[in-house]
Amino acid sequence: MSESGSVVRTRLSRLGITSIRGQLTLGIAAALVPCLGLGFFAVQRFVYNGFVRLTEKRLEAEAELISYGLREWGKGTSRMVQAFGVSPAFRDADIPEIQSLFSQLGEADSFRQWRFWSASLTPKLLAASGEISADQQANAERHQAERDYFKLALRGQSSYQAVISRTTGKACLNIAEPVFRDARQMSPMQRDDASIMKKRTPTKSVSPADLSGVIVMCIPLEYIGQDTGLTDLFSDSRLGLLASDDKSDFLASSRPLDSAVILVSNSGQLLFPDAEDGHGRLPSIEDIKRSRWPALHPLAETAKRGEEIFATFEQGGRRYFALTSKVDSAWSLVLLLNEGKALREIDRLGHLQTLIGALTLAVLLLIVAARARAITKPISIAGDALSRISRGDFAISLGPQYDDEVGGLLANIQTAADRLSAYLKETLSFAVTEKQLETAKLIQKDFLLSELPTAKEYQIEAFSRPALEIGADWYDVVDSSGHIFFLVADVCDKGVPSALYMSVFRSLIRSNLLDSSSSLLGGAAGSDLGRLAASCIQSAITSTNDYMAANQNASMMFATVFVAAVCKTTGKMSYVSAGHESPVLLSATGQTLI
């Protein structure tokens, strides 16, 4: 018995799998499961990579839509402030009229706060919306001249700046618009649709004396989301990826989110979401480091520089997609999307694919098991018949025969049983006579080829003479798959028992040779012929040896065998000698033991 065959059988026996049917089913399952797993994994990776690219494109489209909305919001806000700046009430510094207008604006929109300052190096707050105490007003007037946006306004430039309001103590986005006494001094940009996010410069030098005052609109950063419409994004059906029930204050929470938007300025100010800590300090992207989302800080830095990238990062054990998008020269966006949300449909598809694959594998294994049972059933029948014959029960009937190699094996067993039964009857009736010996010799002779195969590539002659009246030596020749297989063998001992085992050995080896030559050598060519022929012989001998050792070894009988395969096209011979005497190769130069 070969070492590799013994190892495989031992391992399967430990698993409680001893039948050929179970081994075949398990072997196919062991081959299919990794292949299916690798196939599913490759498909999933391909789909995942494609879906990530699609998600990037969709986020880019949604970022562009948001940027367009922000630009339009900026233009609309700029038009409003500019419209006030060119009205007679502001140019003439009609304070009662301006205060009345601011009061109406405050009632209509409580988010926005309006201020009208005198155009001087020691500015005075001339009008304001909402309630301001005297102390708050005095504090604001002391520091107003220090504001960068106010300094630019005194030079005739429209500008904006995120500052801490001296009247409310909260972070605000201030939009400043200089009011010219003479409208002809306004720059062309001030008369166009310029956005508040772009600073505008007059066509000539301007002094405070040319101005009647400065309009300042303050939008608290805590309301910037409502004012710009950013907080409404998550319910906008046009933004399918960003749609969720998340709120804008996600930086203060560690809970997972589906999607979020961050708005930063090119100076590093964090405009949305509101990250003010209540200590009179402007929120900046540095606050992200101290938030529950520190992994966002590098992306916010990238957005601050105006760079546009698509990346992934992990936070709280979850992966997120991130896209930075430039709104204009002053502001940039960071869009966040939970990978789980984006790939939810892909995950469902993967689960469905896995389920279908598992069901397919189960059905396939059931089919394999059923076919394996159908294939191995005749072998089991043959084993049972041989077991009965070994016990001296020759009265067997194997029924209809299969038209294949296994059918030939069953036919040979049936023939042997029938003849042994007849021989036994004669023995019991007449004892051992010359006729009985002659019958036994006929049994042996029937298993030897009466006509040897012939072909133009080879010539074969065979001769056999038993040592006793009934011997257990035999030879066989098989022409299959471009090779001629010839075999010389001997079963231990002599007489009828040896002849009986000879018939089993001969049938099994011949059947296995036909099977293995058909599967291994069929259609083969080239340099592999020799290797495949050797594998064919080894497979046939190993299969026969395994079967006989497992099923017919009670009597401890064995056979020695020499099997060779000669390629009819190349003349190359491959052989296996299993304990048999060495053959002699005769040539013109002499004789050689193989």
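Reading the values: rules and limits
- Residues numbered from 1 in each chain as written.
- Predicted model: local features only at pLDDT ≥ 70, side-chain atom pairs only at ≥ 80, totals over all residues.
- Heavy atoms only, no water.
- Salt bridge = Lys/Arg side-chain N within 4 Å of Asp/Glu carboxyl O.
- Helix = DSSP H or I, 4+ residues; strand = E, 2+ residues; numbered from the N terminus.
- Buried < 20%, exposed > 50% of the residue type's maximum accessible area, 1.4 Å probe, protein only.
- Arc of directions from axis to C-beta.
- Contact = heavy atoms within 4.5 Å.
- Pairing = 2+ DSSP bridges.
- Axes fitted to C-alpha atoms, helices over the stretch in contact; angles between N-to-C directions.
- Parallel < 35°, antiparallel > 145°, perpendicular 65-115°, else oblique.
- Left-handed = near helix turned anticlockwise from the far one by under 90°.
- Phe/Tyr/Trp six-rings, centres within 6.5 Å; stacked < 30°, edge-to-face > 60°.
- Patch = residues over 30% accessible without salt bridge, like charges linked within 9 Å, V, L, I, M, F, W, Y side chains within 5 Å.
- Areas by Shrake-Rupley, 256 points an atom, 1.4 Å probe, with all protein chains shown as cover.

Participant: Would you mind showing me how to read the pattern of salt bridges here?
Facilitator: When the charged atoms of two side chains lie near each other, side chains of opposite charge can form a pair. Evaluated as defined, the whole model comprises 14 salt bridges. Among the salt bridges present, the one from D227 reaches R112, with a minimum N-O distance of 2.9 Å. Of this pair, D227 sits in helix α7 (residues 224-228) while R112 is found in the loop between α4 (95-108) and β1 (113-117), placing the two residues 115 residues apart along the sequence. On the accessibility criterion, D227 (13% relative accessible area) is buried. Given the relative accessible area of 11%, R112 is considered buried. A salt bridge links E307 to R305, with the shortest nitrogen-to-oxygen separation between them at 3.1 Å.

Participant: Before we go on, may I ask you to explain helix α5 (residues 134-144) in this structure?
Facilitator: Three- or four-residue spacings in an α-helix give side chains the same orientation, since the helix completes a turn every 3.6 residues. Residues of α5 that are buried include every one of A140, E141 and Q144, and no others. Along the axis of α5, the buried positions cluster into a sector of 100°, meaning they face one direction only. Turned more than 90 degrees away from the buried face of α5, the exposed residues are D135 and R142.

Participant: Can you walk me through the environment of V488 in this structure?
Facilitator: Topologically, V488 is positioned in strand β12 (residues 483-491). Linking V488 and S464, residues 24 residues apart in sequence, is a C-alpha distance of 10.0 Å. When sequence neighbours within four positions are dropped, the list of residues in contact with V488 reads W474, Y475, T560, V561, F562 and H580.

Participant: Help me understand the sheet that holds strand β11 (residues 473-480) in this model?
Facilitator: The pairing of strands in a sheet comes from backbone hydrogen bonds and takes either a parallel or an antiparallel form. Ordered in space as β11-β12-β13-β14, the four strands form an open sheet in which the pairing is antiparallel. Of all the strands in the sheet, just β11 and β14 (573-578) have a single pairing partner and so form its edges. Looking at each pair of strands side by side, their axes are set apart by 10° on average, direction ignored. Alignment of strand β13 (residues 559-567) against β14, held across five bridges, turns out to be antiparallel.

Participant: Teacher, can you tell me more about the environment of F463 here?
Facilitator: Note on placement: F463 falls in the loop between α13 (434-446) and β11. We classify F463 as exposed; its relative accessible area is 72%. Along the chain, F463 and Y475 lie 12 residues apart, while their C-alpha atoms are 8.8 Å from each other.

Participant: Explain the packing of helix α14 (residues 496-520) against helix α15 (residues 528-551) here, please?
Facilitator: How two helices pack is summed up by the angle between their axes together with the distance between the axes. Relative orientation of the contacting elements α14 and α15 amounts to 140°, with a least axis distance of 8 Å. Judged by the angle between their axes, α14 and α15 are oblique. As α14 packs across α15, the resulting crossing turns out to be right-handed. Residues Y501, V504, F505, L508, I509, N512, L513, S516, S517 and L520 of α14 lie in contact with α15, whose contacting residues are L532, S535, C536, I537, S539, A540, I541, S543, T544, Y547 and M548.

Participant: When you look at unusual backbone geometry in this model, what are you seeing that I'm missing?
Facilitator: Where the residue is not glycine, phi is negative for most of them; where a peptide bond is considered, it is trans in most cases. The phi torsion at A93 lies on the positive side, around 55°, for a residue other than glycine. By the element assignment, A93 lies in the loop between α3 (88-91) and α4. Residue classification places A93 among the partly exposed residues on the basis of a relative accessible area of 28%.

Participant: In this structure, what is going on with the packing of aromatic side chains? I would like to understand it.
Facilitator: The description of two aromatic rings rests on the distance between their centres and on the angle between their planes. Per the counting criterion, the structure on display carries 13 aromatic pairs. Here the aromatic rings of F90 and F116 are separated by 5.4 Å at their centres, their planes lie at 75°, and the arrangement is edge-to-face. Placement of F90 in helix α3 and of F116 in strand β1 is noted, with a sequence separation of 26 residues between them. Given a relative accessible area of 0%, F116 falls into the buried group. In textbook terms, an aromatic cluster arises when at least three aromatic residues are bridged by ring pairs, as seen for F84, F90, F102, W114 and F116.

Participant: Got a minute to help me understand a nonpolar patch on the surface in this structure?
Facilitator: Taken together, the side chains of L349, L352, L355, I356 and L359 make up a nonpolar region of the molecular surface, amounting to roughly 470 Å² of accessible area. Residue placement: L349 occurs in helix α11 (residues 344-390).

Participant: What exactly am I supposed to notice about the environment of D92 here?
Facilitator: Here D92 lies in the loop between α3 and α4. Taking the relative accessible area as the measure of exposure, D92 reaches 59% and is therefore exposed. Taking the C-alpha atoms as reference, D92 lies 9.3 Å from G213; in sequence the two are 121 residues apart.

Participant: Before we go on, may I ask you to explain the pairing of strand β15 (residues 584-587) in this structure?
Facilitator: Regular strands place their side chains on alternate faces of the sheet. Examined bridge by bridge, β15 and strand β16 (residues 590-593) share four bridges and lie antiparallel to one another. Residue pairing for β16: L585 is matched across the bridge by T592. Counted along the chain from β15 to the antiparallel partner β16, the turn is two residues long.

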